[in-house]
Each structure stands twice: as C-alpha cells, then as structure tokens.
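Below are the chains, spelled out letter by letter.
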Amino acid sequence: MTETATQVERHGFGAEVGRLLDLVVHSLYSEREIFLRELVANAADAIDRRRFESLTHPALALPEAGTIRILPHKPDRTLTIADCGLGMSREELVDHLGTIARSGTRAFGQKLADAKPEERPSLIGQFGVGFYSAFMVADRVEVTSRKVGSDEAWTWASAGEGEFTIAPASREEPGTDVVLHIKADAEEYLDPLRLETIVRKWADHITIPITIERDGKDVPANEGTALWRKSRGEVTEAAYQEFYRHLGHLFDSPWATIHWHAEGALEFSALLFIPGSRPFEPVDHDRASKVRLHVRRMFITDEAELLPSWLRFVQGVVDTEDLPLNVSREMLQATPVLARIRRTVTNRVLTELRTRAKEAEAYAGFWENFGAVLKEGVWEDSEHRKDLAPLLRFRSSAVEGWTSLEDYIGRMKDGQEAIYILAGDDTAALARSAQLEGFRARGIEVLLLADPIDAFWPERLEEFDGKPIRSITQGAADLSKLPAGETPAGEPADVTALVAALKTALDKDVSEVRATDRLVESAVVLAAGTAGPDLQMQRLLRRAGRAGFVAPPVLEINPRHPLIVTLAEKLAAGGDVAGAGELLLDLARIQDGELPRDPAGFARRIEAALSGAAG
Ligand SMILES: Nc1ncnc2c1ncn2[C@@H]1O[C@H](COP(=O)(O)OP(=O)(O)OP(=O)(O)O)[C@@H](O)[C@H]1O
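For clarity, every value in this text was computed on a predicted model and none was experimentally measured.

Draft legend 1. Highlighting the overall build of the chain. Helices and strands together make up the secondary structure of the chain, namely 20 helices and 22 strands. Here the C-alpha atoms of the chain give a radius of gyration of 32 Å, more than 25% beyond the 25 Å that 2.2 N^0.38 yields for 615 residues. In terms of its C-alpha atoms, the chain occupies a principal-axis envelope of roughly 105 × 60 × 40 Å. Across the 615 residues in the chain, those meeting the buried criterion constitute 39%.

Draft legend 2. Structural detail: the site of the ligand. Every one of the 16 residues lining the ligand counts as a neighbour, but Asn42, Ala46, His96, Gly130 and Phe131 are closest to it. At the level of elements, α2 (34-56) and α3 (90-98) are the ones that each hand at least two residues to the shell around the ligand. Ranked by residues supplied to the shell around the ligand, first place goes to α2 with four residues. Among the residues making up the shell around the ligand, the classes are represented as six nonpolar, seven polar and three charged.

Draft legend 3. Here's a closer look at the sheet that holds strand β21 (residues 524-527). Spatial strand order, β20-β22-β21: three strands in an open sheet with mixed pairing. For this open sheet the edge positions go to β20 (512-515) and β21, each flanked by a neighbour on one side alone. With direction set aside, neighbouring strand axes in the sheet form an average angle of 25°. Two strands pair when backbone bridges link them, and β20 and strand β22 (residues 554-557) are joined in this way by four bridges, in the parallel orientation. For Val513, the partnering residue across the bridge sits in β22 and is Leu555. Across the face of the sheet, helix α19 (residues 578-591) comes into contact with β21 and β22 while running at roughly 70° to β21.

Draft legend 4. View of the nonpolar core. Core analysis: the biggest nonpolar cluster contains 64 residues, and Val314, Val318, Ile421, Leu422, Val446 and Leu447 have the highest contact counts within it. Residues from two domains meet in this core; each of domain 2 (233-356) and domain 3 (368-479) gives at least three. Excluding residues within four positions of it along the chain, Val318 makes contact with Phe268, Ala270, Val291, Leu293, Leu306, Ile341 and Val345.

Draft legend 5. The pairing of strand β3 (residues 78-83), seen in detail. Bridge analysis of strand β2 (residues 68-73) against β3 gives six bridges, and the strand direction is antiparallel. The partner of Leu71 across the bridge, within β3, is Thr80. Hairpin connection of β2 to β3: four residues between the antiparallel strands, including Arg77 at a positive phi of 55°. As judged from the six bridges shared by β3 and strand β7 (residues 175-182), these two strands associate in the antiparallel manner.

Draft legend 6. Quick peek at the pairing of strand β4 (residues 138-146). In terms of residue burial, β4 counts as a mostly covered element, since seven of its nine residues are buried. Pairing analysis gives six bridges linking β4 to strand β5 (residues 153-158), with the strands arranged antiparallel. Of the residues in β5, the one forming a bridge with Thr144 is Thr155. Hairpin connection between β4 and β5: a loop of six residues separates the two successive antiparallel strands, and Gly149 in this loop has a positive phi of roughly 85°.

Draft legend 7. How the structure looks around the domain arrangement of the chain. Each assigned domain of the chain is listed with its residue range as follows: domain 1 (9-220), domain 2 (233-356), domain 3 (368-479) and domain 4 (496-614). For domain 3 and domain 4, the distance between their C-alpha centres works out to 26 Å. Domain 3 puts 18 residues into the contact, and the matching count from domain 4 is 18 residues. Among the elements that make up the side of domain 3 that touches domain 4, the one with the highest residue count is helix α14 (residues 437-441) (three residues).

Draft legend 8. Local environment of the packing of helix α16 (residues 496-506) against helix α18 (residues 562-572). With their axes 9 Å apart at the nearest point, α16 and α18 run at an angle of 85° to one another. In terms of axis orientation, α16 runs roughly perpendicular to α18. Of the residues in α18, those in contact with Ala497, Leu498 and Ala501 of α16 are Leu567, Ala568, Leu571 and Ala572. A per-class count over the contact of α16 with α18 returns seven nonpolar, no polar and no charged.

Draft legend 9. Spatial organisation of the environment of Ala389. When you line up the elements, Ala389 lands in the loop between α11 (385-388) and β15 (395-396). Of the residues examined, Ala389 has 19 C-beta atoms within 10 Å and is grouped as partly exposed. Each C-alpha atom, one on Ala389 and one on Lys375, is 8.6 Å from the other, the two residues being 14 residues apart in sequence. Other than its neighbours up to four places away in sequence, Ala389 contacts Val378, Leu405, Leu461 and Phe464.

Draft legend 10. Spatial organisation of the packing of α2 against helix α6 (residues 192-203). Put simply, α2 and α6 touch, their axes get as near as 9 Å, and they point 65° apart. Regarding α2 and α6, the two cross each other, and that crossing is right-handed. Where α2 abuts α6, its residues Leu36, Arg37 and Val40 lie against Leu195, Ile198, Val199, Trp202 and Ala203. When the residues that make up the contact of α2 with α6 are grouped by side-chain class, the tally is seven nonpolar, no polar and one charged.

Draft legend 11. Representation of helix α1 (residues 15-26). Taking 1.5 Å of rise per residue, twelve residues should cover 16 Å, and α1 covers 17 Å from first to last C-alpha, within 8% of that figure. Restricting attention to buried positions, one finds in α1 the residues Val17, Leu20, Leu21, Leu23 and Val24. Buried residues along α1 cover an arc of 165° about the axis, so they all sit on one side. α1 presents Ala15 and His26 as exposed residues on the side facing more than 90 degrees away from its buried surface.

Cut-offs and rules
Residues numbered from 1 in each chain as written. Predicted model: local features only at pLDDT ≥ 70, side-chain atom pairs only at ≥ 80, totals over all residues. Helix = DSSP H or I, 4+ residues; strand = E, 2+ residues; numbered from the N terminus. Rg over C-alpha atoms; globule rule 2.2 N^0.38 Å. Buried ≥ 20, exposed ≤ 12 C-beta atoms within 10 Å, placed from the backbone. Near = placed C-beta within 6 Å. Nonpolar A, V, L, I, M, F, W, Y, C, P; charged D, E, K, R; others polar. Pairing = 2+ DSSP bridges. Axes fitted to C-alpha atoms, helices over the stretch in contact; angles between N-to-C directions. Contact = placed C-beta atoms within 7 Å. Core = buried A, V, L, I, M, F, W, Y, C linked by C-beta atoms within 7 Å. Domains from an automatic or database assignment. Parallel < 35°, antiparallel > 145°, perpendicular 65-115°, else oblique. Left-handed = near helix turned anticlockwise from the far one by under 90°. Expected span 1.5 Å × (residues − 1). Arc of directions from axis to C-beta.

Here is the structure:
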C-alpha cells in the first residue's frame, strides 16, 4: 500500500456498533472460534452474490477457482480470509462495516446488553455477531476490498475502539481480504490444524471450496457436499442441526426436519426445517419466505418465495435439476417450474404439520411459536384455507390448554348450531369477559382468540364441518333456544321504558339499546350490529385510524340485574336516568378493555355518583 497519512480518513462508528463491539470484546472467552464461521459465511455470501450477478452481467464472472482462502501467517501474527466475491466499494465499507444494517444484529445487540455478563458468552456463541466477532481474536482488523467492475480498492481498518479508517489501497482482483492481527491470547488461530477443525465443524456444508494455507500450500478444508443432496440415512442429527443453525441464525434444534428428494415429473432435493423456537429476527419483517433456491447445488437466490408467506417461518433449501444454471431473475418470475415446486413443497409441509398435529403436546410448542403466522393463510389463501382449518388451535372458555375445531364440535351442546368465538387482545382478559356469562350459564363453550389476525380470518373461513363460526360480540347471539343450566336469580324488570330512555340519552353513541338474556352477573355489555364487523375488528379498525363508517355499538342491559331494576324503578317514579346511562355505556366499554369515551367526564360522573351514595 502506498497510502499517505493525508489520504487516511477517520470515521466514528455508529453508536450501536460501538456498544456491540464493546460487549463482544469484553464478555467473551469461551466460544471465540465462531469468528471464523462468521467471516467464512460472509465470504461465501459474497461469492454467491457475485455468481448470481454474473448471470445478467457476464463481465462479473467468477474466476475459475472460486474459493475462500484462509491464510495464517505466524511471523507477523496475521490471519487472512480472502474471497473473490462481490467486494465492497468505499461507501459499502463505510456503511456495512461502520453501522449495523441488519435489524437482527441490532436486536441481538440489545439482547446481549440486557443479558447477565455470565450469560453473554453463550449468547454470542449461539448467534454470532457477524463481522464484529473478528474483534474477539484480533486487536486490529483490516479489510481490503475491490468491488467487481471497479479498479479501485480501499482498506477499512480498526482496532475496534470507537473509530475506523478508510484509505485507498490496491488489490489485483475483485474480492475482499479480511486481515486479522491476532491477539496474544488467541495464537491458536494461527495454527492450520486448529483452523481446519473449526472449518469442519462450522462450515462443512458450504459448497464453495475452502482452503487453508499450510507449509506454503492451499489445502482443502471442507468437504463441500451439499447436505440436502445426501439421503436421510447419510446425514447425522448433528449435521442437520449445524446446517439449521447456519441457515437461520438459530441456536435451538429444529422442531421438524423435512428432507426428501422428488423424482419424476419434477426433480429436486429439499431440506426444510420448522424452527423449535421463534426466531430472533421477527418473521413478519417482509413476510416473504426465505427458503433458498439452488440449481444443481449452486445457490441462486433466497427471494424465490418457494413457500407462501404464511409458511415463512420454514427455513431451508430447495435444489432443483429442472432449471438452467444461468436462470435470470425475470425467468424465475415467469417459469412454471417454480410454481410447481412451490405447490409440492407447500403440500409437503402441510402433510408434516398434519402428522405432527396428532402429538398434542409437541404440536402445542409449534403452535405457540408460529400459530399466528399460519392463521394468516386462512385469511389470505383460499386454496389452502380448508387444509389449514384442522391445524388451528385455540384457547377455550371450557377446557384447559389448546383445543381444535374438531374437538370443539365434539363438545357442542344439543341444539347448539354454531361454533362461538370471542376475539380480543389477551386470552386471560377474555376468559373473564362479561360477554361469556350467558354462554357459561348454558354450558356453551366459546373459543378465545387473542392474536391480531383473529379479527380477520374467521370471516373468511365461515364454517368448519358444516358449523358456522360466529363471533359472540356480533349481532344478538340467539341463546334463547338453548336452555340455561339454572334459571338466573331475580325477576326480570320491565325495561321497555328504560331502554327507550337510555337510547334517547345516549343518542348517537349507541346504535341500539336492548334487553339481553346473555348476562348473568353483569348489568351491561356491548355488542356489534349484525351486519358490520365484530367488536374486536372495530377496535382494530379504530386503532388503525380507519373506523370510517363502523356503526356505534349496541348496549345490552340485563333486566334481572339490581342496578337495572333500580334504574327502571327510578324512571317509572319520574326520575332522570341520562347520567346513569352515560356511566353504563362507559362501564360496558371498560369491561371490554377500552377507555371511557371521555375519561374526565367519566371521572366526574363517578365522583358525583359516589358523593350521592356517601351523602
Ligand atoms: N467478505 C465480504 N465481502 C463482501 N461484503 C461483505 C463481506 N463481509 C461483510 N460484508 C458486508 O458487510 C455486511 C455486514 O456483515 P456482517 O457479518 O456484520 O453482517 P451480515 O453478514 O449481514 O449478518 P450475519 O453475519 O449476522 O449473517 C454484510 O451484510 C455484507 O454486505
């Protein structure tokens, strides 16, 4: 390098990088070797990306031997990881290595900061922290990179303490060298045999050849067999697990490993995993499946959406013989081959779920992690809606744990015609809801739904096994045909006049006031009109600022409740019930977890009511 001091530019790290670096460097001793996994994975990504770009820009083609070279050099205590990948421009060096681009890394940094110091090593070992893990073993890191298609090369350098420098450099070919100045206590990473053990452990499934320099020669270090091409019997659980962790930045064990080879009309190998825990990076990031598409072992893209978005939690690889190696992005969008693969792979995952759904306990684990995502399919995928319905699980007002629609139907009462559901924000609150009183009194089970998507999909599924699915907050649930377990205490008051007076008092805040037989202990409850969305859907629309023309709720009153009886009497004696009406409506709202319409006014009315009681 012929740099002069004046050409070296100094930059401060983004605040998040600084914090992450500090944590990584100071909390780690045991699992340091994963730095190599991270750097080799970055090199492999860069080569894969270059290969893909070169399909449309042949000038960017990879040199013959597209390898990753690991070069330990004891005399000057450096370890270099060199690749012939896409390379980075000056701006990319600054952006990619000076700030944290990946949301997952950022979230991980937070998790790391929150963890107890003694827990940090294992956290880092499990997740990896990308490029910055280099600072676990190096006290200085230099990255010299030349972007494909450019003659310029630049060196990014840092001691991992608050700042990095950028200076012009030279590199004969496009690609990247990451040079680590190995710390005194990390000398083992200059030993070729030690490095080889690490590569075998972490990177054996990487299909790009990896070599380690030993006695002046590049010695192959990875087997490079594509794991998914092997038959199931040839792959150990440990190898599956390692590959799974590599794919999804996951640290647990897969809940399901689905590995098969399709032959006949379509030829492909697929290795898919359903994660055993919710991934660290939120799955709804862009809602697209990231299953990787390979053609004859070569990585093509992870954007082929090989699974519908409601299966986006599935990780894995599909490797086909039926597409040309030089498949372009345009072709990927147009080819019927992918559509056929998609259908086959989707059905295979559904079959796996159906089989595993028979083991209630294990399935519950899956459901808690990904049930909410699966339900999106019921909402948006008419082709698979009916396949998904039997896979759904619910909390219920009648049984502990999870239950299915099929089991619910098995418990339906004589004369009960519908499957009843109640949606809200939180199952514990739903289980206590006044909405359930009349159903409980009649021994009728209600399914309790607390995912945001639950406001949507039931409307699309409509029925299961011939039984309509009904939200109990929508319309007047017709409970009169179903006998109550015991007759509720007290005579119902004649509330005809009260109903009319309350409607007048509440005016546009309610669309109707009516007496109901679905309450037992509570005086009032809200319902939605028969035609429009149910209460939970209305709440979500309001929160999204899209209440639009949602009709005001129906206020239902319990004619046997002492409070209602008293109000009916007060009205008959010529008293005014307008203030009480305002309070009743707000009480009904509060019961459903909402705020009073006018909290200050509500407080004043409560004060007045209490002083009346006190006086
Ligand atoms: N050898 C390389 N060649 C080209 N670009 C690289 C190389 N190493 C890193 N980069 C760029 O720097 C970015 C940051 O790397 P880093 O390892 O921190 O995160 P990541 O690779 O995105 O995530 P992770 O390592 O957690 O998978 C990469 O996304 C990539 O754009």
